[in-house]
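Coordinates in review
So the chains spell out like this:
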Amino acid sequence: MRIPFTKMQGAGNDFVVLDETQSRFGLGTAQYRWLADRHFGVGADQILTVRPAPKPGLDFEYLIHNADGAEVEQCGNGARCFARFVRDAGLTAKDAIRVQTRAGVIEPVLQPDGRVTVNMGAPVFELARIPFAPGPVAALPSGSWQQWPLALATPGQDTVVRVAVLSMGNPHAVQLVDDVANAPVLQQGPLIEHHPFFPNRVNAGFMQVQSRQQIRLRVFERGAGETLACGSGACAAVVAGIRLGWLDAEVDVQTHGGVLTIAWAGDNAPVMMTGPATTVFHGEIDLPNDLPNAA
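Observations concerning the packing of aromatic side chains
Considering all chains together, one arrives at eight aromatic pairs under this definition. Summarising the aromatic geometry, the rings of Tyr62 and Phe82 are spaced 4.8 Å apart at their centres and angled 45° between planes, so their arrangement reads as tilted. Highlighted residues: Tyr62 in strand S4 (residues 60-66) and Phe82 in helix H2 (residues 76-88), separated in sequence by 20 residues. In this structure, Tyr62 and Phe82 share a single accessibility class: buried. Aromatic side chains Phe132 and Phe198 sit 4.9 Å apart centroid to centroid with 40° between the ring planes, which places their arrangement in the tilted category. Remark: Phe198 occurs in the loop between helix H3 (185-193) and strand S13 (203-211) and Phe132 occurs in the loop between strand S8 (116-119) and strand S9 (140-142); sequence separation between them is 66 residues. Classification of Phe132 as buried rests on a relative accessible area of 4%. By way of ring pairs, the aromatic residues Phe132, Trp148, Phe197 and Phe198 are connected into one cluster. Taking NZ or CZ as reference, Arg243 lies 3.7 Å from the ring centre of Phe125, over its face.

What follows is the structure, given as structure tokens:
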């Protein structure tokens, strides 16, 4: 099966975008995984699918599959690329669009300078909704909020890290590090992602606070590994930093792929994310039909 696609990136977080507004390709988990493979397919952190609005008052529906083929709820950098794609493809003439995701409705806005602002919705702190199930483990008070101890069986020793836990439409565990460049992201990331306290796995964030208006961030994303940027991870880190008393209401987040600006006015307010969205190239690819578990 030959399908058209567009390759995009937002702050280095890269995507394959599929247009299913006219008809569906009917892809299965193995086919999404093959598309994301950097050796055999196109290569991407996530696959984004554009579909027609499922109900009145919306402009589109937006599906996200990680590089491992699993469908996930939210992707902030992907949301910006989604908005740029539908505008550049002539699917809408609007600067502000309303899009249905698994995590709810998001509202990307294209800015005159080419960047895109996304209303990522209000963060979720209720443990059952994240979901986060620590059992008898107690939280550690920190400022006016709390952090949670996670025991990690790292090679040669047992390590306990302190994480702030919340959801930005997908679950995040954010820890403070002294030097993000030398943080054990690749060692601890998989252990945090699959920690038994997180029944749906989790995105592991490693945050270095440089000032009250600037942080550096690396994120080990569930199902994708470390990426050059993670939009929802940037939102989660800033929200955690504000709640813990470390950050102001608007923060520049420096990732490997570029800078994202995150603003949050406090509990029940939506998190606003602004950053780049760039088209890399368009193409067509012959997608195998005989992959294991393919639709």
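The discussion continues.
Concerning the environment of Ala265
Mapped onto the elements of the fold, Ala265 is located in the loop between strand S17 (258-264) and strand S18 (271-275). Looking at Ala265, the relative accessible area reads 75%, which means it is exposed. With 15 residues separating them along the chain, Ala265 and Glu250 place their C-alpha atoms 8.4 Å apart.

Comments concerning the layout of surface pockets
A probe as big as a water molecule, rolled over the atoms, marks out the empty space that is left. Approximately 240 Å³ is the volume attributed to the largest pocket. Sort the elements by how many residues they give to the lining of the largest pocket and strand S7 (residues 104-110) lands first, with three residues. Its residues assigned to classes, the lining of the largest pocket comprises 10 nonpolar, six polar and two charged.

Brief notes about unusual backbone geometry
Backbone torsion omega between Ile130 and Pro131 reads -10°, so that peptide bond is classified as cis. With respect to the element layout, Pro131 can be found in the loop between S8 and S9. Unusually for a residue other than glycine, Ala11 sits at a positive phi of about 55°. Its place among the elements puts Ala11 in the loop between strand S1 (2-10) and strand S2 (13-19). Phi at Asn268 takes a positive value of approximately 75°, unusual for a residue other than glycine.

Describing the environment of Asn170
With respect to the helices, strands and loops of the structure, Asn170 is situated in the loop between strand S11 (157-167) and strand S12 (171-176). With 97 residues separating them in the primary sequence, Asn170 and Glu73 have C-alpha atoms 5.8 Å apart. Setting aside chain neighbours within four positions, we find Asn170 in contact with Glu73, Gln74, Asn203, Arg222 and Ser232. Among the polar contacts listed, one links the side chain of Asn170 to the backbone oxygen of Gln74, at a separation of 3.1 Å.

Quick look at the pairing of strand S10 (residues 145-154)
On a regular strand, one side chain projects to one face of the sheet and the next to the other, so that they alternate. Of all 10 residues in S10, seven are buried; the element is thus mostly enclosed. Strand direction decides the pairing type here: S9 and S10, joined by three bridges, are antiparallel. Note on S10: the bridge partner recorded for Ser142 is Trp145. Counting the residues that bridge the hairpin from S9 to S10 gives two residues, and of these Gly143 lies at a positive phi of roughly 60°. Alignment of S10 against S11, held across seven bridges, turns out to be antiparallel.

Calculation rules
One numbering rule holds for all chains: residues counted from 1, following each sequence as written. For a predicted model such as this one, the threshold for reporting local features is a pLDDT of at least 70, and the threshold for listing and counting side-chain atom pairs is 80 or more; totals across whole chains, interfaces and linings nevertheless cover every residue. Side-chain calculation: all heavy atoms of the structure are included, whereas hydrogens and water are not. Pairing of aromatic rings covers Phe, Tyr and Trp, the last through its six-membered ring, and needs centres within 6.5 Å; plane angles under 30 degrees mean stacked, over 60 mean edge-to-face, and all others mean tilted. Helix and strand assignments come from DSSP, with helices taken as H or I runs of at least 4 residues and strands as E runs of at least 2, each series counted from the N terminus. For the exposure calls, accessible area comes from a 1.4 Å probe over protein chains only, and a residue counts as buried if that area is under 20% of its type's maximum, exposed if over 50%, partly exposed in between. Criterion for a charge above a ring: Arg CZ or Lys NZ at most 6 Å from the ring centre, at most 35 degrees from the ring normal. Of the grid points, spaced at 1 Å and generated over the protein atoms alone, those admitting a 1.4 Å probe that cannot get out make up cavities, while open sets with protein on both sides within 12 Å along at least five of seven lines make up pockets; any residue with an atom within 4 Å of a point is treated as lining. Grid points are joined across faces, edges and corners, and a volume is the space filled by probe spheres set on the points. Amino acids outside the nonpolar list (Ala, Val, Leu, Ile, Met, Phe, Trp, Tyr, Cys, Pro) and the charged list (Asp, Glu, Lys, Arg) are all regarded as polar, and Gly is one of them. We call two residues in contact when some of their heavy atoms are within 4.5 Å. Pairs of N or O atoms within 3.5 Å make up the polar contacts considered here, provided that, within protein, one atom can donate a hydrogen while the other can accept it, and that residues adjacent in sequence are counted only when both atoms are side-chain atoms. Any two strands between which DSSP finds at least two bridges are classified as paired.

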